[in-house]
Amino acid sequence: MSDFQPLVFSGVQPTGNLHLGNYLGAIRKFVALQENNDCIYCVVDLHAITAQLVHDDMPGQIRAIAAAFIASGIDPKKHIVFNQSAVPQHAELAWIFNCVARIGWMNRMTQFKDKAGKDRENASLGLFAYPSLMAADILVYRATHVPVGDDQKQHLELARDIAQKFNNDFSEHIRRAGHGIDTMVGEEAVHAFFPTVEPLIDGPAPRVMSLRDGTKKMSKSDASDLSRVNLMDDAETISKKIRKAKTDPDALPSEVDGLKGRPEADNLVGIYAALSDKTKEQVLSEFGGQQFSVFKPALVDLSVAVLAPITGEMRRLMDDTSHIDGILRNGGERARARAEKTMKQVREIIGFLQ
């Protein structure tokens, strides 16, 4: 029984300043995964226009994400770093997936409901079809694993549904074309073209919350800049934001159970744990019983120590746009070659003339 070659794919939207949540929830995972995996990391600029069509500085935002990838430790020579719009096969496969996916599936996507809000009828068709494009991003490389946050898990499940329906609907065509492989889906042996995608969700801080409201996710779109630590913030700004972060009057507990019902305390402990590669239990064994007046300065020192080298390298890279553009151009060429191999086979399976 054969199986698909392991491949990690993920992407980040070029929309505004990257923040600590993007780093801990996504980029740092990307860096760790590259040690033992074949990885493709994408600046998903096509996704960026689904909710906001016009961007003041799209090229600068694309470069900033690429700079953050590289400054954090991603190796663009061993792996692929590129921007999505440079590979038209993403959009081509997305259209095919629009025809595979069912309206009922898309209507169940909670992120669309959240982003469209009450003005659902005025939302763009692109926002509604966003998960179909995300499935195409992953499956055009026949990727097997995707590091995502909890909020994207539903979209990964949709990608699995789309892949399975394509495999089922075109099973005989796939077999006749000789492009699929024998693999296992659960306990069933099938001949498949697209793999079953697995989400990678782990770590002590998979969701970093707002510094002003521990019940809301840290976000680039939050009106208050004090709600987030941006990757481009200097040490003084990081210190100011963490010291002003909302907390409660009680001391930190000695056990993790003591964080229940204390979202701001839980968030700050989770951030410390993630930045220090410790568990929340280990952090509380060190700071349990201490007031936030003791814990916050320690969190400031740790945050600056981890982020300052990344910020400095990002600034250096952003000052050399030709270097960043060269990395993206090279990555785009390599990504297109892989994507076209998939699409050529997809066109043959469907029956398009080439």
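In this numbering scheme, every chain counts its residues from 1 along its sequence in written order. Reporting of local features is limited, given that this is a predicted model, to residues whose pLDDT is at least 70; pairs of side-chain atoms are given and counted only at 80 or more, and all residues count toward the totals for whole chains, interfaces and linings. Think of the side-chain values as coming from all heavy atoms in the structure, minus any hydrogens and water.

## A closer look at the nonpolar core
Thinking step 1. In this description, a nonpolar core means a group of buried Ala, Val, Leu, Ile, Met, Phe, Trp, Tyr and Cys residues linked to one another through side-chain atoms lying within 4.5 Å. Here the term buried applies to any residue with accessible area under 20% of the maximum for its type, exposed to any over 50%, and partly exposed to those in between, with areas from a 1.4 Å probe on protein chains only. Grouped together as the largest cluster of nonpolar side chains are 59 residues, with contacts concentrated most on Phe 69, Ile 271 and Phe 295.
Thinking step 2. Excluding residues that lie within four positions of it along the chain, Phe 69 makes contacts with Val 12, Ile 27, Phe 30, Tyr 41, Cys 42, Val 43, Ile 74 and Val 81.
Thinking step 3. If you look at the next biggest cluster of nonpolar residues, it comprises 49 residues, including Met 134, Tyr 141, Ala 339 and Val 346. In this description, contact between two residues means that some pair of their heavy atoms is separated by no more than 4.5 Å.

## As for the side chain of Ser 132
Thinking step 1. Assignment of secondary structure puts Ser 132 in helix α8 (residues 130–139).
Thinking step 2. In this structure Ser 132 comes out as buried when scored by relative accessible area, which is 1%.
Thinking step 3. Look past the residues within four positions of Ser 132 in its chain and what remains in contact with it is Ala 94, Phe 97, Asn 98, Met 106, Leu 158 and Ile 162. Numbering of helices and strands runs from the N terminus; a helix is a DSSP stretch of H or I covering at least four residues, while a strand is a stretch of E covering at least two.

## Some words on the environment of Gln 52
Thinking step 1. Position of Gln 52 among the secondary structure elements: in the loop between α2 (45–48) and α3 (58–72).
Thinking step 2. Along the sequence, Gln 52 and Met 318 sit 266 residues apart, while their C-alpha atoms lie 24 Å from each other.
Thinking step 3. In protein, a polar contact means a hydrogen-donor-capable atom and an acceptor-capable atom, both N or O and within 3.5 Å, with residues adjacent in sequence counting only if both atoms are side-chain atoms; elsewhere, any N or O pair within 3.5 Å suffices. Reaching out from Gln 52, the side chain makes a polar contact with the backbone oxygen of Val 54 at a distance of 3.0 Å.

## Considerations on the pattern of salt bridges
Here the idea is simple: oppositely charged side chains can pair when their charged atoms come close.
Thinking step 1. We define a salt bridge as a side-chain nitrogen of Lys or Arg found within 4 Å of a carboxyl oxygen belonging to Asp or Glu. Enumeration over the complete set of coordinates arrives at 16 salt bridges.
Thinking step 2. Between Lys 241 and Asp 233 there is a salt bridge; the shortest N-O distance is 2.7 Å. The pair Lys 241 / Asp 233 is uniform in exposure class, with both members buried.
Thinking step 3. One network of salt bridges, in which partners are shared, links Asp 225, Arg 228, Asp 233 and Lys 241.

## A closer look at the packing of aromatic side chains
Thinking step 1. Between the rings of Phe, Tyr and Trp (Trp by its six-membered ring), a pair exists once the centres lie within 6.5 Å; its type follows the angle of the planes, with under 30 degrees stacked, over 60 edge-to-face, and the other angles tilted. Within the structure shown, the criterion is met by 15 aromatic pairs.
Thinking step 2. Seen from their ring centres, Tyr 272 and Phe 287 are 5.3 Å apart, and the 70° between their planes marks the pair as edge-to-face. Of this pair, Tyr 272 sits in helix α12 (residues 263–276) while Phe 287 is found in helix α13 (residues 280–287), placing the two residues 15 residues apart along the sequence.
Thinking step 3. Classification of Tyr 272 as buried rests on a relative accessible area of 9%.
Thinking step 4. With a centroid separation of 5.0 Å and 80° between ring planes, the pair formed by Phe 287 and Phe 295 is classed as edge-to-face. The residues Phe 287 and Phe 295 share a single accessibility class, namely buried.
Thinking step 5. Three or more aromatic residues joined by ring pairs make a cluster, and in this case those are Phe 97, Phe 166, Phe 170, Phe 193 and Phe 194.

## A short note on helix α9 (residues 153–169)
Thinking step 1. How far a helix is expected to stretch is found by multiplying one less than its residue total by 1.5 Å. Its 17 residues give α9 an end-to-end C-alpha distance of 24 Å, which sits within 8% of 24 Å, the value for a rise of 1.5 Å per residue.
Thinking step 2. Of the positions making up α9, those classed as buried are His 155, Leu 156, Leu 158, Ala 159, Ile 162, Ala 163, Phe 166 and Asn 167.

## As for the side chain of Gln 34
Thinking step 1. Inspection of the secondary structure puts Gln 34 in the loop between α1 (20–33) and β2 (39–43).
Thinking step 2. Side-chain polar atoms of Gln 34 contact the backbone oxygen of Gly 73, separated by 2.6 Å.

## Regarding unusual backbone geometry
Thinking step 1. A positive phi is found at Arg 142, a non-glycine position, where the angle reads about 50°.
Thinking step 2. The topology assignment puts Arg 142 in the loop between α8 and β4 (145–147).
Thinking step 3. At Asp 277, a position not held by glycine, the phi torsion is positive, near 55°.
Thinking step 4. Inspection of the secondary structure puts Asp 277 in the loop between α12 and α13.

## Quick word on empty space enclosed by the protein
Thinking step 1. Space inside and on the surface of the protein is sampled on a 1 Å grid over the protein atoms alone, with a cavity defined as a set of points where a 1.4 Å probe fits but cannot get out and a pocket as an open set with protein on both sides within 12 Å along at least 5 of 7 lines; lining residues have an atom within 4 Å of a point. Grid points are joined across faces, edges and corners, and a volume is the space filled by probe spheres set on the points. Under the criterion given, the structure shown has 2 cavities of 30 Å³ or more.
Thinking step 2. In this structure, the largest cavity encloses a volume near 50 Å³.
Thinking step 3. Residue lining of the largest cavity: Met 109, Gln 111, Phe 112, Lys 115, Leu 127, Tyr 130, Pro 131 and His 155, and that is the complete set.
Thinking step 4. Elements with a contribution of two residues or more to the lining of the largest cavity: α6 (110–116) and α8.
Thinking step 5. Here the lining of the largest cavity is built from residues that sort into 5 nonpolar, 2 polar and 1 charged.
Thinking step 6. In this structure, the second largest cavity spans a volume of roughly 30 Å³. Each residue is assigned to one class: nonpolar for Ala, Val, Leu, Ile, Met, Phe, Trp, Tyr, Cys and Pro, charged for Asp, Glu, Lys and Arg, and polar for all the others, Gly among them.

## Some details on the packing of α8 against α9
Thinking step 1. The axes used here are C-alpha line fits, helices contributing only the stretch in contact, and every angle between their N-to-C directions lies in the interval 0 to 180 degrees. Orientation of α8 relative to α9, taken along the N-to-C sense of each, is 70°, at an axis distance of 9 Å. In this view, α8 runs roughly perpendicular relative to α9, as classed from their interaxial angle. In the crossing of α8 with α9, the sense of the turn from one axis to the other is right-handed. Here Tyr 130, Pro 131, Ser 132, Met 134, Ala 135, Ile 138 and Leu 139 of α8 lie close against α9, whose contacting residues are His 155, Leu 156, Leu 158, Ala 159, Ile 162 and Ala 163. Small angles under 35 degrees read as roughly parallel and large ones over 145 as roughly antiparallel, with 65 to 115 read as roughly perpendicular and the rest as oblique. If you view the pair so one helix is near and one far, a crossing is left-handed when the near helix is turned anticlockwise from the far one by less than a right angle, and right-handed when it is turned clockwise.

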